[in-house]
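Listed here are the chains, written in short residue letters.
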Amino acid sequence: MKPVYMDNNATTSVAPEVLEAMLPYFHELYGNPSSMHSFGGQVMKEVKRARERVATLLGASPEEIIFTSCGTESDNTAIRSALLSRPDKRHIVTSRVEHPAIRALCAHLATQGYRVTELPVDGEGRLDLEQYRRALSSDTAIVSLMWANNETGVIFPIEKAAEIARERNILFHTDAVQAVGKIPIDLGRTSIDMLSLSGHKLHAPKGIGILYLRKGTKYSPFLLGGHQERGRRGGTEATPSIIALGVAAELAQKNMEMENTFVKNLRDRLENTILATVANTKVNGDRQNRLPNTSNISFEFVEGEGILLMMDEYGICASSGSACTSGSLQPSHVLRAMGIPFTMAHGSIRFSLSVYNTDEEIDFVLEKLPPVIETLRGMSPYWKADARLCGES
Ligand code: PLP
């Protein structure tokens, strides 16, 4: 059975055009791009083209693009590099809703004598820029804030935040893993020094990412080795994946507007119908300032895991909290940071759509989901208690 896949913030399917473009680089064009022979040289030409395509999507120069293995590597590299290049500074500013790729590293750095400020968010998942401004100090080495949240889709005012950091001569990194390909980005017009991207969130394969490094930014490589990536990241280039990312970037650029209108319409229909037909539901996150594909909905008095398991029987794939934490029954750190009450946070489901979803799939979910919630609530002592309080049977 083909899944009804609504978990695209966890990962996306590789686009057919992307798969087709990468395949020759496994078997026919397998040369090492760094080799002297022309067999390798022709691969290097395509790596160069991929770099240009990614740079175009981001409004950057090709020399500012460093290929990495994933978003996590890019995030770790950015922060470690900033700290090494400014050894006199010991303070990091980030937020409470970052992905574990940032949070776990910052928690580790805190044990190594760095001071970490995790900025709070409000009930809608928004950042307060005044509070951010006040958190910066002469000891701050780097700010790292995500462009869009993976769980709620809420978009932070990253360009403004980067400007404020620039005024204070503080390096600014953004984890744009969920934003790239979904919102227009023109780095040349911003004060962002570093940006992380992950291929598998935009229809390229898993295991490829980039770190954008603004020209002139002091840099210290994370992986020391060969001279690849101008000595900024050792390791033989993952050529099939790099070429795939180039094609995915070009597709994202070409289709972003059209796809987003299509995906947003699907998302809004799904969300509005759920809110209208299922009692005690609420959207988590600022609905005005959100990625067009993401809807995080709380179903009060129900366990998110229970909803996922029952939907899974129909082949519907979504997520409760973030995919990276779905092994744990703790309410997600993002919803907790937003102050979402426990009974709501526990029953939250993230639907994240892509251009490969259809109207029929939305109809299917809208048919199957309400009875799932009704069944689960029928088994919930909290729901029954609440219904009694409200005078319902
Ligand atoms: N940052 C964000 C916001 C993410 O959503 C993810 C993945 O879910 C990552 C970083 C990590 O990316 P990767 O899986 O490529 O390491």
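About the criteria used
Residues numbered from 1 in each chain as written. Predicted model: local features only at pLDDT ≥ 70, side-chain atom pairs only at ≥ 80, totals over all residues. Heavy atoms only, no water. Near = heavy atom within 4 Å. Polar contact = N/O pair within 3.5 Å; in protein donor to acceptor, adjacent residues only side chain to side chain. Areas by Shrake-Rupley, 256 points an atom, 1.4 Å probe, with all protein chains shown as cover. Nonpolar A, V, L, I, M, F, W, Y, C, P; charged D, E, K, R; others polar. 1 Å grid on protein atoms, 1.4 Å probe; cavity = no way out; pocket = protein on both sides within 12 Å on 5 of 7 lines; lining within 4 Å. Points joined across faces, edges and corners; volume = space filled by probe spheres on them. Helix = DSSP H or I, 4+ residues; strand = E, 2+ residues; numbered from the N terminus. Domains from an automatic or database assignment. Contact = heavy atoms within 4.5 Å. Buried area = accessible area lost by both parts, 1.4 Å probe. Salt bridge = Lys/Arg side-chain N within 4 Å of Asp/Glu carboxyl O. Pairing = 2+ DSSP bridges. Axes fitted to C-alpha atoms, helices over the stretch in contact; angles between N-to-C directions. pLDDT = per-residue confidence, 0-100. Phe/Tyr/Trp six-rings, centres within 6.5 Å; stacked < 30°, edge-to-face > 60°. Buried < 20%, exposed > 50% of the residue type's maximum accessible area, 1.4 Å probe, protein only. Lys NZ or Arg CZ within 6 Å of the ring centre and 35° of its normal.

We now examine the site of the ligand. Taken together, 13 residues lie near the ligand, and Thr72, Asp175, Gln178, Ser198 and Lys201 sit nearest. At 2.6 Å from a nitrogen atom of the ligand is found a side-chain nitrogen or oxygen belonging to Asp175. Here an oxygen atom of the ligand and a side-chain polar atom of His200 are 3.0 Å apart. When isolated, the ligand has an accessible area of 390 Å², and the protein chains bury 90% of it. Per-class residue counts for the shell around the ligand are three nonpolar, seven polar and three charged.

By volume, the largest pocket is sized at about 350 Å³. What lines the largest pocket is a set of 24 residues, among which Gly181, Leu202, His203, Glu259 and Val355 lie closest to the centre. It is helix α9 (residues 239-277) that contributes the most residues to the lining of the largest pocket, eight residues altogether. Per-class residue counts for the lining of the largest pocket are twelve nonpolar, eight polar and four charged. No fewer than three residues from each of domain 1 (4-10 + 256-389) and domain 2 (16-252) sit in the lining of the largest pocket.

By convention, interface size is frequently given as the accessible area that disappears when the constituent parts associate. Per the domain assignment, the segments of the chain are domain 1 (4-10 + 256-389) and domain 2 (16-252). Relative to domain 2, the C-alpha centre of domain 1 lies at a distance of 29 Å. Taken together, the contact pairs 28 residues of domain 1 with 33 residues of domain 2. In this assembly, domain 1 packs against domain 2 so that about 2500 Å² is buried in total across both faces, 54% of it on carbon and sulfur atoms. At the junction of domain 1 and domain 2, the tally comes to zero salt bridges. Connecting domain 1 to domain 2 are 13 residue pairs in polar contact (both at pLDDT 80 or more). Within the residue set of the side of domain 1 that touches domain 2, elements represented by two or more residues are α9, β10 (294-299) and α11 (333-337). The leading source of residues in the side of domain 1 that touches domain 2 is α11, at four residues. Classifying every residue of the side of domain 1 that touches domain 2 gives eleven nonpolar, 14 polar and three charged.

With that settled, consider the sheet that holds strand β4 (residues 115-119). Ordered by their spatial adjacency, seven strands build an open sheet running β2-β8-β7-β6-β5-β3-β4, and the pairing between neighbours is mixed. The open sheet has two edge strands, β2 (65-68) and β4, and neither has a second partner. On average, each strand axis in the sheet is tilted by 20 degrees relative to the strand beside it, whichever way the strands run. Pairing of strand β7 (residues 194-198) with strand β8 (residues 209-213), which is carried by five bridges, proceeds in the antiparallel orientation. Considered in β8, the bridge of Leu197 is made with Ile210. Helix-sheet contacts for helix α3 (residues 38-58) involve β2, β7 and β8, and the interaxial angle to β2 is about 115 degrees. Each of β2, β3 (91-95), β5 (140-146), β6 (171-175), β7 and β8 touches helix α4 (residues 71-85); the most contacted strand, β7, lies at about 165 degrees to it.

Next up on the list: the confidence of the model for the chain. Mean pLDDT over the chain stands at 94; residues scoring 70 or higher make up 95%. In this model, residues 322-326 is a region of pLDDT below 50 whose contacts with residues beyond four sequence positions or in other chains number eight contacts.

Okay, the packing of aromatic side chains next. Taken as a whole, this structure holds two aromatic pairs when the rule is applied. Ring centres of Tyr30 and Phe39 lie 5.1 Å apart, and the angle between their planes is 75 degrees; on these two criteria the pair is classed as edge-to-face. Relative to Phe364, the ring of Tyr314 lies with its centre 6.5 Å away and its plane at 85 degrees, an arrangement referred to as edge-to-face. Separated by 50 residues along the polypeptide, Tyr314 in the loop between α10 (304-312) and β11 (316-317) and Phe364 in helix α13 (residues 359-379) bring together distant segments of the chain. Relative accessible area serves as the criterion here: at 32%, Tyr314 is assigned to the partly exposed category. The ring of Tyr114 has Arg90 sitting right over it, with the charged end atom 4.1 Å from the ring centre.

A few words now on the sheet that holds strand β12 (residues 348-352). Pairing within the open sheet is antiparallel, and its three strands lie in the order β9-β10-β12. Looking at which strands have only one partner, the edges of the open sheet turn out to be β9 (281-283) and β12. Neighbour to neighbour, the strand axes of the sheet diverge by 25 degrees on average, direction disregarded. Pairing geometry for β10 and β12, over five bridges, is antiparallel. Along β12, the bridge assignment pairs Thr294 with Ser352. The sheet contacts of α9 involve β9, β10 and β12, and relative to β10 the element is tilted by about 15 degrees.

Consecutive residues of a regular strand have side chains that alternate between opposite faces of the sheet. Burial of β6 is extensive: five of the five residues sit out of reach of the surface. Neither face of β6 is left uncovered, since the one carrying Leu171, His173 and Asp175 and the one carrying Phe172 and Thr174 both have all their residues buried. Summarising the sheet, β5 and β6 pair through five bridges and their orientation is parallel. Considered in β6, the bridge of Ile142 is made with Leu171. As defined by bridge partners, β6 adjoins β7 across three bridges and the pair is classed as parallel.

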